[in-house]
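An overview of the molecular structure
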Amino acid sequence: MTRIFFRGDLEAGDHEGAFKASVPVRVFAYYVFLGAAASLSGLGTFKFAMLPILLTTLGETITLAVMYPWAKRSQSIAYCYLLVEILAQTLIFWFMGPFRIIAAFVVYIFQLMNTGIRLTRVGYFATANVFLLFYGGLIALENTGTIRTFHDNNLQLDMSQRYANIPIGLIVMNLAAYFVSSFDGFLNEKTVALAAANVRLEERRREVVEANRALEVTNQEMADLQKRTDEFISAVGHDLKSPLSAICNTVPLYEEAAQRGGRDEAHGYLKMIERNARKAFEMAVALQEAFRSAMSPEPFARVDLGEVLRSLESEIRVGLERQGIELRVASDLPTVHAQPEKLTHVLRNLLTNAIKYAGGVENPWIEVGGTTRDAEVIFFVRDNGPGIPREHHERIFKMFHRLSDTPEQGPEGKGVGLAVVKMIVEKHDGRIWVQSEPGAGTTFWVALPSAGRGMDV
Amino acid sequence: MRKVLVVEDNEAFAAVMKKVLSQYDGIEVEVISDGGEAIERIEKATTEGKARIADLVLLDLDLPSASGFEVLESIRASEMHRSLPVIILTNSDSARIVEQAYYLGANNFLLKTDRLADTLGHVYEYWFELSRIPSRRP
């Protein structure tokens, strides 16, 4: 039923905007026809027909405005809408006198093009003929004297003339239905093309929005990176200041002692100056190395942690054997989306750290394991070494944390290793933390997003 | 004789401080290079209850075994050292650290510049010659 009368490609009444815009146009059009009818048929007819036409037009407009939103929701209400529309039209034309068929033709075209309810060809013919049915009914009622004749008293049309309007109407209305449906098909094609263009436009818009969002994310990443770099540089600046200002302050002491002839004292100050200069130099070297290993560009790839460990084996074997450390590697290590060299650096550092501090324990071992959980790849390097006191857990990840101002550096090195590891992990959007108690061994955990990030910097 | 305790682990800074402050009459300087050791000394002096460890403390923040803040806390926790003037002398100049220092009861916060001798001169002048709160009526 619906398929026969209503067109499927466009929903009934989905041109609400067009309808609303058409209301004043249509009201205006009625008055134009009204004026034409009045001038052609003489003032008398016009005066006689004026009030009912005005009322009917107003009523029709209001009824349609009220019904229209409902007609949008239900097909049966759309039918009612059409019927009311046709009835109202018929009544209007009824009052228009002898020109009503011509008026009906023009207004009907107007009407169907503007209502927004899209009909099939059959639908157009059906409504045109329902229109005629009403019209014929009215004439029959008039001719049998059931209703009064308003409009053509002075024209004195006889019965046959009045009935003759019906076959003329039959031809004219069906012709109108044919033209309208043809024109409407053309219009519909254009509408469908427009709708398709709109869909494409919407797709493009969405793409642009998506691209903008991606750009925002990249901007955010760049800002984060910048912030981390700034923090790093600021921290390093602070650390470098210490030995340098120590040198600045010791030089006058040296000069004074040298002038006084206190050779031993002067020599002592000179040694202090030298040690601090060396410290600053070592910091600069370590810094350069750290930047090289953490910040240099490298593309992301799928990295098998087991493979990374195998590649490190020859490097760490000597250390393991010398201290008699057993290395236990889980067989099911996960793969991760990362920068291969950087990730190797992380594992190398964690392993060499574990080896370095393994001394002094019976049956030392190091364990490496990992798993994929939720959106993260988590792996760990665990040892049964002496452990790290809780208060140092945060500090060990800081740059130069081992470079306390004591001149003896001990075996720990310059304390950049874990800071670099942390920088690398954070550049991967990951996290690193330590779990350790004195005497209970140490576990370094690393969590990296399993999907990884796309930024190849 | 008044005593200045320098808690500083960089030997060069310690030497400079000892040398500069010792030039002033009646000033005796002691250097401790380890935070933990400083805390032990404070606790010992408190238990003995005889004399304060010093008349003025110059305190670095980055120290081995215990930080300068921990030393400062232990000073303020001790009844007899509560009013002991403590001057933080450090490289760290972040607002957070300065705030933390004053919050924990530091009397002053100074930076280690390349002209530490001048800074120490001002410290001496202020804390040993000027720092008496003036009376309202002369």
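Structure's up top.
Rules used in this analysis
Every chain is numbered independently, its residues counted from 1 as its sequence is written. Note on labels: chains are lettered from A, ligands numbered from 1, in written order. This being a predicted model, a pLDDT of at least 70 is required before a residue's local features are given, and a value of 80 or more before pairs of side-chain atoms are given or counted; all residues contribute to the totals for chains, interfaces and linings. A helix here means a DSSP run of H or I that spans at least four residues, while a strand means a run of E at least two residues long, and both kinds are numbered starting from the N terminus. Expected helix span is given by 1.5 Å per residue-to-residue step, counting one fewer step than there are residues. Exposure classification rests on a simple neighbour count of other C-beta atoms within 10 Å of a residue's own: a residue reaching 20 or more is buried, one at 12 or fewer is exposed, and one in between is partly exposed. C-beta atoms are placed from the backbone. If DSSP finds at least two bridges between two strands, the strands pair. Lines fitted to C-alpha atoms define the axes, with helix axes restricted to the stretch in contact, and inter-axis angles between N-to-C directions lie between 0 and 180 degrees. Contact between two residues is assigned when their C-beta atoms, built from the backbone, lie within 7 Å. Throughout this entry, Asp, Glu, Lys and Arg are counted as charged residues, while Ala, Val, Leu, Ile, Met, Phe, Trp, Tyr, Cys and Pro are counted as nonpolar. The remaining residues, Gly among them, count as polar.

Turning next to helix α10 (residues 340-356) of chain A. With 17 residues, α10 of chain A extends 24 Å between its outermost C-alpha atoms, agreeing within 8% with the 24 Å of an ideal straight helix rising 1.5 Å per residue. What α10 of chain A keeps buried is the set Lys342, Leu343, Thr344, Val346, Leu347, Leu350, Leu351, Asn353, Ala354 and Ile355 of chain A.

What follows covers the pairing of strand β7 (residues 442-449) of chain A. All names here are of chain A. Summarising the sheet, strand β5 (residues 376-383) and β7 pair through eight bridges and their orientation is antiparallel. Note that in β7 the partner of isoleucine 378 across the bridge is alanine 447. Pairing of strand β6 (residues 431-436) with β7, which is carried by six bridges, proceeds in the antiparallel orientation. Residue pairing in the sheet places arginine 431 in a bridge with alanine 447 of β7. In sequence, β6 turns back onto β7 through a hairpin of five residues, with glycine 439 there showing a positive phi of about 85°.

Glancing now at the sheet that holds strand β4 (residues 365-373) of chain A. All names here are of chain A. Judged by pairing direction, the sheet is mixed, and its five strands sit side by side in the order β2-β4-β5-β7-β6 without closing on themselves. Both outer strands of the open sheet, β2 (326-329) and β6, are each paired with one neighbouring strand and no more. Looking at each pair of strands side by side, their axes are set apart by 15° on average, direction ignored. Looking at chain direction, β2 and β4 are connected through four bridges and run parallel.

Turning our attention to the interface of chain B and chain A. Between chain B and chain A, the contact holds 18 residues from the first and 16 residues from the second. At the level of secondary structure, the elements contributing two or more residues to the side of chain B that touches chain A comprise α1 (11-22) and α5 (116-130) of chain B. A per-element tally of the side of chain B that touches chain A places α1 of chain B first, with six residues. Across the side of chain B that touches chain A, the residue classes break down as seven nonpolar, five polar and six charged.

In this section: the pairing of strand β3 (residues 56-59) of chain B. All names here are of chain B. Burial of the side chains of β3 extends over both faces: Leu56 and Leu58 are buried on one face and Val57 and Leu59 on the other. Pairing geometry for strand β1 (residues 2-7) and β3, over four bridges, is parallel. Paired with leucine 5 across the bridge in β3 is valine 57. Across three bridges, β3 lies against strand β4 (residues 86-90) in parallel orientation. Residue valine 57 lies in a different strand from β4, and its bridge partner there is valine 86.

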